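Structural description and commentary
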Amino acid sequence: MKFTAICALLVVAVVGSPAPPNVHSNVGRTQRILLNSRSNAANSSKVFDPKTAWEQLDFVHRKYSATMEAYQRNTGTPHPLSSRFDVRSLAKRNGNVPLVDHNADLWYGEIDVGTPPKKYTVVFDTGSSDLFLPSSQCSVSCDGHTKYDPAASSSAKDSGQPFLLTYGAGETAGEEHVDDVFVGGYEAKDQTVGAAWMYSPEFNENESFPPDGLSGLAFPEISEFEGSPLIQTLDESGKLPQSIFGFKLSTTPGHSEMNIGGINTNLYHPDTLTYVPVTNRGYWQVEMDSISRLGQEVIESRAAPVIIDTGTTFIITSYSIAQSYYANISGATAHTEGADTDTYWTSKLVTYSTIFNLINVRFCPVPCDTINSTVPTITFGRHAFKVSAPTYNFGPDVSSGDCLAGIAASSKMSAHNLWYLGHDNITHTRTADFTIIGDVFLQNVYSVFDYANTRVGFAELS
């Protein structure tokens, strides 16, 4: 089942004419990588299948269980938000890497790997830290993808470290290599690259996974590999003007881009740029002020920890935050399934009509009036950022008159013990729910990931 049935639009990011990898003409300046949008014509009617909502929530659980396990192994202590995730205590790393299904919005672009350089497409994911590609030893399951052959690169070195790629209950094998990687023309020398020997069916090109692999952009604390994550390697190279990257994500063709080594001030209102510090390295984890609706603040969301994740579609929060958010919304209905009590909300369609657009040759439903009036506002650093109706409303169910809302809930996000230093200089604990902020929110802002200063910035789009 393709998640594009929910999204209606499959978002695709493609690198726009980077400098040749062996010519560092961009050293000392920001490199602009164009991100283009591609419409999935089969789902342009913007309808969703509930089954794919469950699949997306399940994917998030598996992804975060694996990366929190890596955090515990790398740091020697459990992640503060890991108490409800299935995290096993491991004495040493077993090379277990989550091969997560990105049947959600895909933001991907080109990188160059090896000598001579060869182009590959990878998902840019701020919710993970590792870079992997399909190996030349991968047969039918990797058909349609460009395969990485270390033997064809004079700069490749075998690290001798095997790893397992996990998807659901199945596992496939791969091996770590070290090679030169170029992103937007910047060189990450001796970068660890995972070469997968097999892909699960969800990663077949015909199953709506066009990119070849994935490039994580988070911190080394959640890396499954022995070597440095890509962003760390670039930071240590000293070739970036600033160890920073920025995103503008949009489903409109030609309106998206990623910036490396700096940010594009033409894409946002500079006076709205608001930074918040990373509170716990590993993920891009920060603290939000609150979530609100129509000026009414959700009390449970105050000062709650959040993870900023370009690899997740929904805003996924705790049940208590979501329940308070949807309270008193006429027609709002909670749909709950599974032992982990995953929940998403729909709202009864008030009016519905189908318009045949002769120019684009597609069916476009009129948005649900109720759900469009319930969009959230999320506040960071005392600046409120409003989510737009088009990114929040995923459209009606194929079989009913309900519309899918962009805030979902999971029991995994509830009641975590957090340590903090009080004004009395004594360490205290408090319980807090946490939230994963995905593309529902990120499409409404220009987002900045400042690796050197360990902070995240948001600004209103221009």
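Residues numbered from 1 in each chain as written. Predicted model: local features only at pLDDT ≥ 70, side-chain atom pairs only at ≥ 80, totals over all residues. Heavy atoms only, no water.

**Some details on the overall build of the protein chain**
Along the backbone of the protein chain there are 7 helices and 32 strands. Burial status across the protein chain gives 58% buried among its 462 residues. Across the protein chain, every contact between residues at least 6 apart in sequence was considered, and the portion connecting residues at least 24 apart equals 68%. Of the roughly 17,700 Å² of accessible surface on the protein chain, 51% is carried by carbon and sulfur atoms. (Helix = DSSP H or I, 4+ residues; strand = E, 2+ residues; numbered from the N terminus. Buried < 20%, exposed > 50% of the residue type's maximum accessible area, 1.4 Å probe, protein only. Contact = heavy atoms within 4.5 Å. Areas by Shrake-Rupley, 256 points an atom, 1.4 Å probe, with all protein chains shown as cover.)

**Things to note about the confidence of the model for the protein chain**
Of the residues in the protein chain, 67% reach a pLDDT of 70 or more, and the chain-wide mean stands at 76. With pLDDT under 50 throughout, residues 36-45 is counted as low confidence; its partners more than four residues away or in other chains account for 29 contacts. Overall, residues 89-104 carries pLDDT values under 50, and its contacts beyond four positions in sequence, including any with other chains, amount to 64 contacts. (pLDDT = per-residue confidence, 0-100.)

**Some thoughts on the pairing of strand β31 (residues 445-450)**
Burial analysis of β31 places 6 of its 6 residues in the buried class, the great majority of the element. Side-chain alternation along β31 places Val445, Ser447 and Phe449 on one buried face and Tyr446, Val448 and Asp450 on a second face that is also buried. Inspection of the sheet shows strand β12 (residues 244-248) paired to β31 by 5 bridges, in the antiparallel sense. Bridging from a neighbouring strand, isoleucine 244 pairs with aspartate 450 of β31. As paired elements, β31 and strand β32 (residues 455-460) share 6 bridges and run antiparallel to each other. Along β32, the bridge assignment pairs tyrosine 446 with alanine 459. Linking β31 to β32, which pair antiparallel, is a turn of 4 residues; within it threonine 454 sits at a positive phi near 40 degrees. (Pairing = 2+ DSSP bridges.)

**So, the environment of phenylalanine 245**
Within the secondary structure, phenylalanine 245 is located in strand β12. Classification of phenylalanine 245 by relative accessible area gives buried; the value is 1%. Distance in space between the C-alpha atoms of phenylalanine 245 and asparagine 259 is 5.3 Å, their sequence separation being 14 residues. Residues within four places of phenylalanine 245 in sequence aside, it is in contact with Thr126, Leu217, Ile231, Met258, Asn259, Ile260, Gly262, Trp284, Ser447, Val448 and Phe449.

**Looking at unusual backbone geometry**
In this model, threonine 115 is joined to proline 116 through a cis peptide bond whose omega is 0 degrees. Located in the positive-phi region is arginine 382, a residue other than glycine, with phi close to 70 degrees. Among the structural elements, arginine 382 can be located in the loop between β24 (377-380) and β25 (383-386). Within the chain, threonine 454 stands out as a residue other than glycine whose phi angle is a positive 40 degrees.

**Brief notes about the state of the cysteines**
A full pass over the atoms with the stated rule returns 1 disulfide. Each sulfur in the disulfide pair cysteine 138 and cysteine 142 lies 1.9 Å from the other. Between cysteine 138 and cysteine 142 the sulfur-sulfur dihedral comes to about 80 degrees; the bridge is accordingly right-handed. A residue is classified by how much of its surface remains accessible, and cysteine 138, at 1% relative accessible area, is buried. (Disulfide = S-S within 2.5 Å.)

**Looking at helix α4 (residues 319-326)**
The complete set of buried residues in α4 reads Ile321, Ala322, Tyr325 and Tyr326. Buried residues of α4, viewed axially, fall in a sector of 120 degrees; they line one side. Among the residues trailing α4, asparagine 328 stands out with phi positive, at a value near 70 degrees. (Arc of directions from axis to C-beta.)

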